[in-house]
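# Topology and contacts: notes
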Amino acid sequence: MRDWFKHLFGKKQDHFARLDSRAFPHFAPGSVWLVGAGPGDPGLMSLHAFYALGQADVIVYDALVGEEILTYANPQAELHYAGKRGGKPSPKQNDISLKLIEWAKQNKRVLRLKGGDPFMFGRGGEESETLYNAGVKFRIVPGITAGIGGLAYAGIPATHRDTNQAVIFLTGHDESGNVPQAVDWHAVATAAPVIVMYMAVKHLPSIAQKLLEGGRNPQDKVGIVSNATLPHQSLMVTQLGEAGEFVQQNEVPTPAIVVVGPVVDYAKTLNWQDKD
């Protein structure tokens with residue numbers, strides 16, 4: 001491990017040498033680590049994620065894992081893209097899980113690298129269940145999810161004592177790429193002051209209408225944080241009653257996080273990136 005850190009950082013980054021003696025968990029050959037890489041900014045990776053990148057023999061990464069994060073990978077590692085984007089052609093989940101098992105049974109250290117957190121709409125539960133059933137040892141390494149970290153980079157707190165004591169997280173599309181039918185939109189509409197939605201831009205007109213029909217205030221603020229935590233991050237703000245028309249008339253960059261509720265107003269004062 002010491003040689004790898006020297007290769008990566010050189011002598012000018014001596015503070016990283018303190019990691020050399022850290023007792024990181026053993027990344028055993030024949031095991032799989034399911035790791036969250038965070039919302040995009042490489043500095044938001046955990047130390048366990050950073051360590052795993054340097055140890056892995058095989059790295060299977062998703063569409064939302066940035067190229068800069070992959071520069072920290074073990075130079076000898078095999079890199080395999082397994083990106084899944086809603087409604088677009090992508091590898092089948094079962095095929096991905098079977099490949100993880102295959103590589104692990106070849107006695108390789110397998111890193112399944114996911115954007116955000118593997119257990120927050122990241123299919124980490126499905127993959128770890130498959131590994132368990134196949135008798136493959138695995139470890140879960142949580143990551144900062146975009147629904148919290150991404151909002152923070154735009155100056156939007158997911159919770160604030162003055163506005164909300166509850167928040168709902170939901171996905172804007174199901175496995176088929178359509179609006180989730182299993183969500184009780186009428187109940188969700190007024191269940192919490194703040195709703196945070198992943199992968200919701202495409203279906204925002206339909207989702208907004210469902211929330212309005214459920215009794216949500218049409219004047220509720222809607223914030224859309226695109227490319228969260230990255231240098232080209234952007235924030236668009238509208239109202240729920242106008243959200244459908246807004247995304248149809250404006251080119252909204254994706255990936256994006258959509259947040260509905262009073263916390264959007266905090267971006268006016270807390271959007272620290274605009275103040276640099």
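What you see is a predicted model, and the numbers here were worked out from it, not measured in a lab.

Conventions and cut-offs
- Residues numbered from 1 in each chain as written.
- Predicted model: local features only at pLDDT ≥ 70, side-chain atom pairs only at ≥ 80, totals over all residues.
- Heavy atoms only, no water.
- Phe/Tyr/Trp six-rings, centres within 6.5 Å; stacked < 30°, edge-to-face > 60°.
- Helix = DSSP H or I, 4+ residues; strand = E, 2+ residues; numbered from the N terminus.
- Buried < 20%, exposed > 50% of the residue type's maximum accessible area, 1.4 Å probe, protein only.
- Lys NZ or Arg CZ within 6 Å of the ring centre and 35° of its normal.
- Pairing = 2+ DSSP bridges.
- Axes fitted to C-alpha atoms, helices over the stretch in contact; angles between N-to-C directions.
- Contact = heavy atoms within 4.5 Å.
- Core = buried A, V, L, I, M, F, W, Y, C linked by side-chain atoms within 4.5 Å.

Overall, the coordinates contain seven aromatic pairs when judged by the stated rule. Here W33 and Y51 contribute two aromatic rings whose centre-to-centre distance is 6.2 Å and whose plane-to-plane angle is 50°, an arrangement assigned as tilted. Of the two residues, W33 sits in strand 1 (residues 31-36) while Y51 sits in helix 2 (residues 47-55), which places them 18 residues apart along the sequence. According to the relative accessible area criterion, W33 is buried, its value standing at 2%. The class of Y51 is buried, set by a relative accessible area of 9%. Relative to Y81, the ring of Y61 lies with its centre 5.6 Å away and its plane at 65°, an arrangement referred to as edge-to-face. Of this pair, Y61 sits in strand 2 (residues 58-61) while Y81 sits in strand 3 (residues 78-81), and the two are 20 residues apart along the sequence. The exposure class of Y81 is partly exposed, given its relative accessible area of 48%. By the ring-pair criterion, three or more aromatic residues cluster together here, those being F24, F27, W33 and Y51. Cation over ring: R139 sits above W33, and NZ or CZ is 5.6 Å from the ring centre.

Let us look at the sheet that holds strand 1. Spatially, the five strands line up as an open sheet ordered 3-2-4-1-5, and their pairing is parallel. Strands with a single pairing partner mark the edges of an open sheet, and in this sheet they are strand 3 and strand 5 (137-141). For this sheet, the mean angle separating the axes of adjacent strands, direction not counted, is 20°. Note that strand 1 and strand 4 (residues 110-114) share five bridges and pair parallel. Following the sheet pairing, W33 is matched in strand 4 by L111. Strand contacts of helix 4 (residues 93-105): strand 1, strand 2, strand 3 and strand 4, with the helix running at about 150° to strand 4, the strand carrying the most contacts. Packing against the sheet, helix 5 (residues 124-133) makes contact with strand 1, strand 4 and strand 5, and its axis sits at approximately 170° to strand 1.

Another point: the nonpolar core. Within the largest apolar cluster, 25 residues are counted, with the highest numbers of intra-cluster contacts made by M197, L211, I224 and V258. Among the elements of the structure, strand 6 (167-171), helix 7 (185-189), strand 7 (194-198), helix 8 (204-213), strand 8 (221-226), helix 9 (240-249) and strand 10 (256-260) are those that each provide at least two residues to this core. Counting 23 residues, the second-largest nonpolar core is a separate cluster that includes F50, Y61, I69 and L113.

Here we have five strands laid out as an open sheet, ordered 6-7-10-8-9, and mixed in their pairing. Sheet topology places strand 6 and strand 9 (234-239) at the edges, where each strand pairs with a single neighbour. Ignoring strand direction, the axes of neighbouring strands in this sheet form an average angle of 20°. Bridge count between strand 8 and strand 10: five bridges; the pairing is antiparallel. Counted as the bridge partner of G223 is V259 from strand 10. Contacts from helix 9 reach strand 8 and strand 9 within the one sheet, and its direction differs from that of strand 9 by about 125°.

The next point concerns unusual backbone geometry. The omega torsion across T254 and P255 is 5°, close enough to zero to call that bond cis. In this fold, P255 is placed in the loop between helix 9 and strand 10. Of note, F121 is a non-glycine position whose phi angle comes to about 55°, a positive value. Examined against the element boundaries, F121 turns out to sit in the loop between strand 4 and helix 5. With a phi close to 50°, N227 is a non-glycine residue in the positive phi region. Its location among the elements puts N227 in the loop between strand 8 and strand 9.

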